[in-house]
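Coordinates in review
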Amino acid sequence: MQKRRGKSLFSFSYVFASFFGAAMIAAAFAYFNYKYSQYKFINFKETILYTKSQLFVPEKDRYIVVIYSSHMGNIDKALVPLQRKNSVLAIDLYQQRRAAEGNVTFATAGTNTLLKIIHRFHIREVPSYFMIKKQNDHGRYKQDSKIYLLDTVQ
């Protein structure tokens, strides 16, 4: 009587194939995390923001950028802890223009520009904030922190 020669469940090819599949899944996951955790850039020569009466021209080396909607309520109380030692650039999605107050510069932009900012920095909820740091003299700033949700309940 002859022995039947078939592939066993634990043959080398099955083990290698499952290891290779797991490695591919892990590589895809790692790439996804790397791609979306990279810090982004904003160039104020290309990204036009408006303040109350003029174009926004960055003067500081660092800003805390706050993305909010003035339609949601009063943001002023939530900005107090951020503006103590930092310059704040508050970008209003509702597009109401306000005058600067202390260390806070209120800005807005056209809908296409706002959508580009939201997409570039992966803003999922408002109000959100993150730091940017000046990279060169050509108006280019680099994201210098993760994106945090601003606590408006006080």
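Overview of the structure. (Residues numbered from 1 in each chain as written. Predicted model: local features only at pLDDT ≥ 70, side-chain atom pairs only at ≥ 80, totals over all residues. Heavy atoms only, no water.)

**What about the pattern of salt bridges?**
Going by this rule: The salt bridge criterion pairs a side-chain nitrogen of Lys or Arg with a carboxyl oxygen of Asp or Glu, the two atoms within 4 Å.
All told, the structure shown has 4 salt bridges when counted by the stated rule. Linked through salt bridges whose partners overlap, the residues forming this network are D76, R98 and E101.

**Regarding empty space enclosed by the protein**
For clarity, the threshold we go by: In this analysis a 1.4 Å probe is tested at points of a 1 Å grid over the protein atoms alone, and where it fits but cannot get out there is a cavity; an open set with protein on both sides within 12 Å along at least five of seven lines is a pocket; lining residues have an atom within 4 Å of a point. Grid points are joined across faces, edges and corners, and a volume is the space filled by probe spheres set on the points. Labels follow the DSSP assignment, with helices taken as runs of H or I lasting at least four residues and strands as runs of E lasting at least two, numbered in each case from the N terminus.
Taken as a whole and assessed by the stated rule, the structure comprises 1 cavity of 30 Å³ or more. The volume enclosed by the largest cavity comes to roughly 30 Å³. Surrounding the largest cavity, I42, F44, V65, L89, I91, F121, F130 and I132 form its lining. Taken together, the elements giving at least two residues each to the lining of the largest cavity come down to β3 (88-92) and β5 (128-134).

**What about unusual backbone geometry?**
So the rule is basically this: Partly exposed describes any residue whose relative accessible area lies between the buried limit of under 20% and the exposed limit of over 50%, with all areas from a 1.4 Å probe on protein chains only and scaled to the type maximum.
The omega torsion across V126 and P127 is 0 degrees, close enough to zero to call that bond cis. Even without a glycine there, the phi angle at Q95 is positive, about 65 degrees. Along the chain, Q95 turns up in the loop between β3 and β4 (104-107). Judged by relative accessible area, which is 35%, Q95 ranks as partly exposed. In this model, H122 sits at a positive phi of 55 degrees, which is unusual for a non-glycine residue. You can see H122 is positioned in the loop between α3 (111-120) and β5. Classification of H122 by relative accessible area gives partly exposed; the value is 22%.

**Notes on the nonpolar core**
Formally: To define a nonpolar core, start from buried Ala, Val, Leu, Ile, Met, Phe, Trp, Tyr and Cys residues and group those joined through side-chain atoms within 4.5 Å. Any pair of residues with heavy atoms lying within 4.5 Å of one another is described as a contacting pair.
Grouped together as the largest cluster of nonpolar side chains are 18 residues, with contacts concentrated most on F44, L49, L89, I91 and I132. Residue assignment for this core shows that the elements contributing at least two residues are β2 (62-68), β3, α3 and β5. Per-element tally for this core: the top contributor is β2, with 3 residues. In this structure, I132 is in contact with I42, F44, D61, R62, Y63, V65, Y141, K142, Q143 and D144, ignoring residues within four places of it in sequence. Of all hydrophobic cores here, the second largest spans 13 residues; its members include V66, A78, L82 and M131.

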